[in-house]
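Commentary on secondary and tertiary structure
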Amino acid sequence: MNRRRFMRRAAGAGLALGAGLPSLCGRLAARGAGPNLSRVEARYYRKLPDREIECRLCPRVCRLGDKERGYCGVRENIGGTYYTLVYGKVCSLNIDPIEKKPFFHVLPGTPALSLATAGCNVNCKFCQNWEISQVRPEQVEAYDLAPETAAVRAEEAGCPSIAYTYTEPTVFFEYMYDTAVRAKRKGIRNVVVTGGHINAEPLGDLLSVVDAVKIDLKGFSQEFYSQYVRGELKPVLEAIRTVAKSKVWLEIVYLVIPTLNDRMDLIREMAKWVRREAGEHVPVHFSRFHPMYLVKNLPPTPLSTLESARRTALEEGLRFVYIGNVPGHGGESTYCPGCGGVAIERVGYSIESVRIKKGKCERCGTPIPGIWA
Amino acid sequence: MAASRVVIVKSGNVWTANDTPDPAVMTRMYARGFSLLTGERDDAVAVSSLFRPDDRVGIKVNTIGGRAISTRPEVALPLAGWLGRNGLREKNLFIWDRTTRELRDAGYATSAGRSGVKVFGTDTDGVGYEPDLVSHLNVGSLFSKIQTEFVTASISLAILKDHGLAGITAGLKNYFGAIHNPNKYHDFRCNPFVAEVFDAPPVKTRHRLTVLDALVVQFHKGPSYHSRWAAKYGGLVLSLDPVAADSVGWTIIEELRAAAGLPTLKDEGRAPEYLATAEKMGLGRARPASIETIEETVA
């Protein structure tokens with residue numbers, strides 16, 4: 001709507017000054033008074049003198065005065081108490097194949113109730129979901145979905161898992177945690193898709209209620225994280241270590257962006273690091289980049305680059321290395337590290353066949369780790 | 001090259017018995033400030049030297065601090081009224097900020113009727129942000145349609161405050177309220193982001209004038225209000241040079257800090273370095289030596 005149309009509409013709707021003012025106020029209140037925002041006290045913060053607070057949810061450790069919001073834009077200091085503004089305020093809710101997250105070793109071929117609120121604690125210049133992640137909660141439509149209701153919805157829809165995804169679940173930690181607790185009681189699994197910018201204490205608590213975590217490792221140099229992610233690499237690596245040491249299933253995605261993070265020496269270094277610190281069994285997905293958000297001047301990742309990355313990681317001893325965002329490519333399937341046969345055949349998000357029984361290759365009996373049932 | 005002129009207008013009579021700014025005194029302060037700034041004695045001529053008669057003028061206020069420490073309605077409305085009596089059409093004047101809630105919390109009555117001065121937030125139904133990102137240097141943001149579509153000229157009518165991260169918040173940083181994602185631009189003490197948001201075409205092509213509401217200045221522990229560190233300075237700071245205006249604002253804050261026995265912002269490691277960046281980008285003058293400051297008191 002342009003200015004002229006707005007002014008016409010304002011007048012036409014009885015919004016002119018005088019008689020129309022009360023109804024105008026009502027309309028403005030509907031958008032401006034914050035009915036779209038929750039006010040649930042946040043966890044992981046410290047109160048400071050002079051009504052200041054220090055957020056301890058993520059490595060940014062935002063220190064905020066009264067009426068200020070953190071970098072994420074969804075947590076606000078109101079009078080010296082810190083609140084999450086997005087508790088139960090879901091801006092995206094879908095039923096997706098779990099392969100879309102992607103999780104390739106978790107309940108293959110099943111749907112996941114997938115949800116997000118607004119917000120993110122980094123600002124990747126190549127964000128694929130920036131319309132909901134890089135905005136404040138007032139700027140997107142949101143549904144009210146209480147944690148218990150989310151669990152019921154998943155159950156009713158026949159989803160064996162709930163995925164916290166699309167934006168950055170860390171910034172809606174309280175809602176994610178409470179939903180996961182309720183889902184778990186119903187026997188529904190919880191899977192998290194995150195950039196891994198989260199402090200140790202909340203991560204530890206999260207790992208007690210979820211089943212799988214996929215971490216986006218967006219590059220393997222601090223320079224890249226500073227310039228294109230506006231974040232830190234070190235805490236992400238620490239999060240990967242922590243999840244790997246826990247009983248929670250871990251997968252890693254590396255979005256390969258032409259010229260920015262596609263150097264094979266860095267990818268080799270990354271693969272070595274994953275093998276050493278997380279384990280050879282951790283699946284690593286090399287995903288194709290598509291121009292988006294603030295990086296529109298680069299082409300999609302050439303297939304040859306993705307294949308090189310996969311080959312490099314396999315050479316370094318990783319057992320399950322995938323190619324993502326290239327439907328129909330052989331690199332989407334799971335191969336048994338014992339016999340080399342196809343254990344799970346995928347085409348895009350579809351599962352063509354599963355040859356895993358009780359966690360082992362049907363042909364040779366080699367264990368294939370994951371959550372299979 | 002001539003120095004950038006910054007005008008400080010003060011009045012000992014600005015506060016009413018209710019401790020609110022007196023609109024009549026504010027009007028006199030604007031009249032004198034515009035005259036000193038433009039060199040024109042006649043109010044209408046002074047206005048016409050900055051705006052075309054058919055300009056739609058946005059008066060961007062900063063209301064994030066609530067009633068206690070925002071651009072006050074008693075400061076914004078007299079400006080709009082005075083402009084309306086001196087060549088601009090009231091219906092073409094827009095007092096605005098990010099949200100209607102913040103405007104109301106700061107004491108504004110919102111209105112968007114066909115006639116008269118309009119007061120509303122970007123979040124008003126039918127307004128919102130442009131759908132297309134503006135990618136400019138290190139900034140990638142959606143700009144308020146009020147800034148891009150509704151207005152043809154812009155005044156940054158900012159509150160002058162200390163800012164824990166940026167050092168100070170004044171006229172330049174006020175335009176963070178014109179983008180959808182200001183929370184993403186507080187790293188590195190907001191440098192270079194404050195300068196780069198201002199430099200983006202939706203702001204730079206429309207900005208005409210900076211006015212700092214320095215009636216009460218939060219000189220420490222800002223941007224939140226703390227009465228202990230808020231001083232009644234009783235002035236307006238006006239300039240056509242947005243960087244010079246903020247630079248003088250910084251000086252005022254340092255003077256108030258020194259009077260209170262506080263260290264300088266530099267000593268606290270939070271000098272507003274974005275001002276030097278803005279100067280390097282050619283947006284104005286930051287160094288005191290290249291600024292001509294004129295201070296006057298009106299009755």
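Residues numbered from 1 in each chain as written. Chains lettered and ligands numbered in written order. Predicted model: local features only at pLDDT ≥ 70, side-chain atom pairs only at ≥ 80, totals over all residues.

As a further point, take the overall build of chain A. A tally of helices and strands in chain A yields 10 helices and 21 strands. In terms of overall size, chain A behaves like a compact globule, its C-alpha atoms giving a radius of gyration of 22 Å where 373 residues would be expected to give roughly 21 Å. Going through the 373 residues of chain A one by one, you find that 51% of them count as buried. For chain A, long-range pairs separated by at least 24 residues make up 67% of all intrachain contacts whose partners lie at least 6 apart in sequence. (Helix = DSSP H or I, 4+ residues; strand = E, 2+ residues; numbered from the N terminus. Rg over C-alpha atoms; globule rule 2.2 N^0.38 Å. Buried ≥ 20, exposed ≤ 12 C-beta atoms within 10 Å, placed from the backbone. Contact = placed C-beta atoms within 7 Å.)

As a further point, take the confidence of the model for chain B. Looking at chain B as a whole, the pLDDT averages 97, with 100% of positions reaching at least 70. The complex prediction reports pTM at 0.92, with the ipTM value standing at 0.92. (pLDDT = per-residue confidence, 0-100.)

What follows deals with the environment of Ala289(B). All names here are of chain B. Of note, Ala289 is situated in the loop between helix 9 (274–280) and strand 11 (291–298). Ala289 sits in the exposed class, given 6 other C-beta atoms within 10 Å. Sequence separation between Ala289 and Arg270 is 19 residues; the distance between their C-alpha atoms is 22 Å.

It is worth spelling out the pairing of strand 5 (residues 75–78) of chain A at this point. Residue and element names in this part refer to chain A. In this structure, strand 5 lies alongside strand 6 (residues 81–84), joined through four bridges in antiparallel fashion. Looking at strand 6, one finds that Arg75 is bridged to Thr84. Once strand 5 ends, the chain turns through two residues before running back antiparallel as strand 6, passing Gly79 with a positive phi of about 65°. (Pairing = 2+ DSSP bridges.)

Residues and elements named next belong to chain B. With five of five residues buried, strand 3 (residues 93–97) is to be regarded as a mostly interior element. In strand 3, alternate side chains face the same way, and those of Leu93, Ile95 and Asp97 on one face and Phe94 and Trp96 on the other are all buried. Alignment of strand 2 (residues 57–61) against strand 3, held across four bridges, turns out to be parallel. Paired with Val57 across the bridge in strand 3 is Leu93. Pairing geometry for strand 3 and strand 4 (residues 118–121), over four bridges, is parallel. Across the sheet, Phe94 pairs through a bridge with Lys118, a residue of strand 4. In terms of handedness, the path from strand 3 via helix 4 (residues 100–105) over to strand 4 forms a crossover that is right-handed. (Right-handed = clockwise from strand over helix to strand, strands pointing away.)

Accessible area lost upon the coming together of the parts is a frequently used measure of interface size. All names here are of chain A. Segmentation of chain A into domains returns domain 1 (89–330) and domain 2 (333–373). With 18 residues of domain 1 at the contact, the number on the domain 2 side is 13 residues. Looking at the side of domain 1 that touches domain 2 residue by residue, the classes come out as nine nonpolar, five polar and four charged. (Domains from an automatic or database assignment. Nonpolar A, V, L, I, M, F, W, Y, C, P; charged D, E, K, R; others polar.)

Let's shift gears to the environment of Thr334(A). All names here are of chain A. Among the secondary structure elements, Thr334 is positioned in strand 17 (residues 334–335). Taking the C-alpha atoms as reference points, Thr334 and Phe320, 14 residues apart in sequence, are found 6.9 Å from one another. Residues within four places of Thr334 in sequence aside, it is in contact with Phe104, Phe320, Ala343 and Ile344.

What follows is about the packing of helix 9 (residues 264–277) of chain A against helix 10 (residues 303–315) of chain A. Residue and element names in this part refer to chain A. Look at helix 9 against helix 10: their axes get within 9 Å of each other, and the N-to-C directions meet at 40°. Considering the angle they form, helix 9 stands oblique to helix 10. Seen along the crossing, helix 9 lies across helix 10 with a hand that is right-handed. Residues Met264, Ile267, Arg268 and Ala271 of helix 9 lie in contact with helix 10, whose contacting residues are Ser308, Ala309, Thr312 and Ala313. Looking at side-chain class alone, the contact of helix 9 with helix 10 contains five nonpolar, two polar and one charged residues. (Axes fitted to C-alpha atoms, helices over the stretch in contact; angles between N-to-C directions. Parallel < 35°, antiparallel > 145°, perpendicular 65-115°, else oblique. Left-handed = near helix turned anticlockwise from the far one by under 90°.)

Moving on: helix 5 (residues 173–185) of chain A. Residue and element names in this part refer to chain A. A rise of 1.5 Å per residue sets the reference length of helix 5, with its 13 residues, at 18 Å; its end C-alpha atoms lie 18 Å apart and thus fit the reference within 8%. By the burial criterion, the buried members of helix 5 are Phe173, Glu174, Tyr175, Met176, Tyr177, Thr179, Ala180, Arg182 and Ala183. Where helix 5 is buried, its residues contact strand 1 (40–41), strand 6, helix 4 (147–156), strand 11 (161–164), strand 12 (189–194) and helix 6 (200–207). Of the residues flanking the end of helix 5, it is Gly187, one or two places downstream, whose phi is positive at about 80°. (Expected span 1.5 Å × (residues − 1).)

The next point concerns the sheet that holds strand 15 (residues 284–288) of chain A. Residues and elements named next belong to chain A. Read from one edge of the open sheet, eight strands run 8-9-11-12-13-14-15-16, paired in mixed fashion. Every interior strand has two partners, whereas the edge strands, strand 8 (92–97) and strand 16 (321–324), have only one. If you compare each strand with its neighbour and ignore which way they point, the axes differ by 20° on average. Pairing analysis gives five bridges linking strand 13 (residues 212–216) to strand 14 (residues 249–256), with the strands arranged parallel. In the sheet register, Lys214 faces strand 14, and the bridge partner there is Glu251. The strands touched by helix 8 (residues 233–245) within the sheet are strand 13 and strand 14, with strand 13 carrying the most contacts at an inclination of about 160°.

Omega for the bond connecting Lys101(A) with Pro102(A) falls within 30 degrees of zero, at 0°, which places this linkage in the cis form. Structurally, the position occupied by Pro102(A) is in the loop between strand 8 and strand 9 (111–116). Here the residue pair Gly222(B) and Pro223(B) is connected by a cis peptide bond, since its omega of 10° sits within 30 degrees of zero. In the Ramachandran plot, Thr259(A) falls in the positive-phi region, its phi being about 70° despite a non-glycine side chain. Structurally, the position occupied by Thr259(A) is in the loop between strand 14 and helix 9. A count of 9 C-beta atoms within 10 Å places Thr259(A) in the exposed class.

In this section: the nonpolar core. Core analysis: the largest hydrophobic core is formed by 101 residues, its most contacted members being Ile162(A), Ile252(A), Tyr254(A) and Val284(A). Here the element with the most residues in this core is strand 14 of chain A; it accounts for seven residues. In this structure, Ile162(A) is in contact with Ala112(A), Leu113(A), Leu115(A), Ala150(A), Ala154(A), Thr179(A), Ala183(A), Ile188(A) and Asn190(A), ignoring residues within four places of it in sequence. Judged by nonpolar contacts, the second largest core, of 98 residues, contains Ile8(B), Ile59(B), Phe120(B) and Ile168(B). (Core = buried A, V, L, I, M, F, W, Y, C linked by C-beta atoms within 7 Å.)

With that settled, consider the packing of helix 4 of chain A against helix 5 of chain A. Residue and element names in this part refer to chain A. Direction vectors running N to C along helix 4 and helix 5 enclose 50°, while the axes themselves pass 8 Å from each other. Of the possible angle classes, the one that applies to helix 4 and helix 5 is oblique. In the crossing of helix 4 with helix 5, the sense of the turn from one axis to the other is right-handed. Taken together, the residues of helix 5 that come into contact with helix 4 (itself represented by Pro147, Glu148, Ala150, Ala151 and Ala154) are Tyr175, Asp178, Thr179, Arg182 and Ala183. Considering only residue class, the contact of helix 4 with helix 5 consists of six nonpolar, one polar and three charged.

What follows is about the sheet that holds strand 19 (residues 350–354) of chain A. All names here are of chain A. With antiparallel pairing, the three strands of this open sheet are ordered in space as 17-18-19. With one partner strand each, in any of the chains shown, strand 17 and strand 19 form the two edges of the open sheet. Direction of pairing for strand 18 (residues 342–347) relative to strand 19: antiparallel, over a ladder of four bridges. Following the sheet pairing, Ile344 is matched in strand 19 by Val354.

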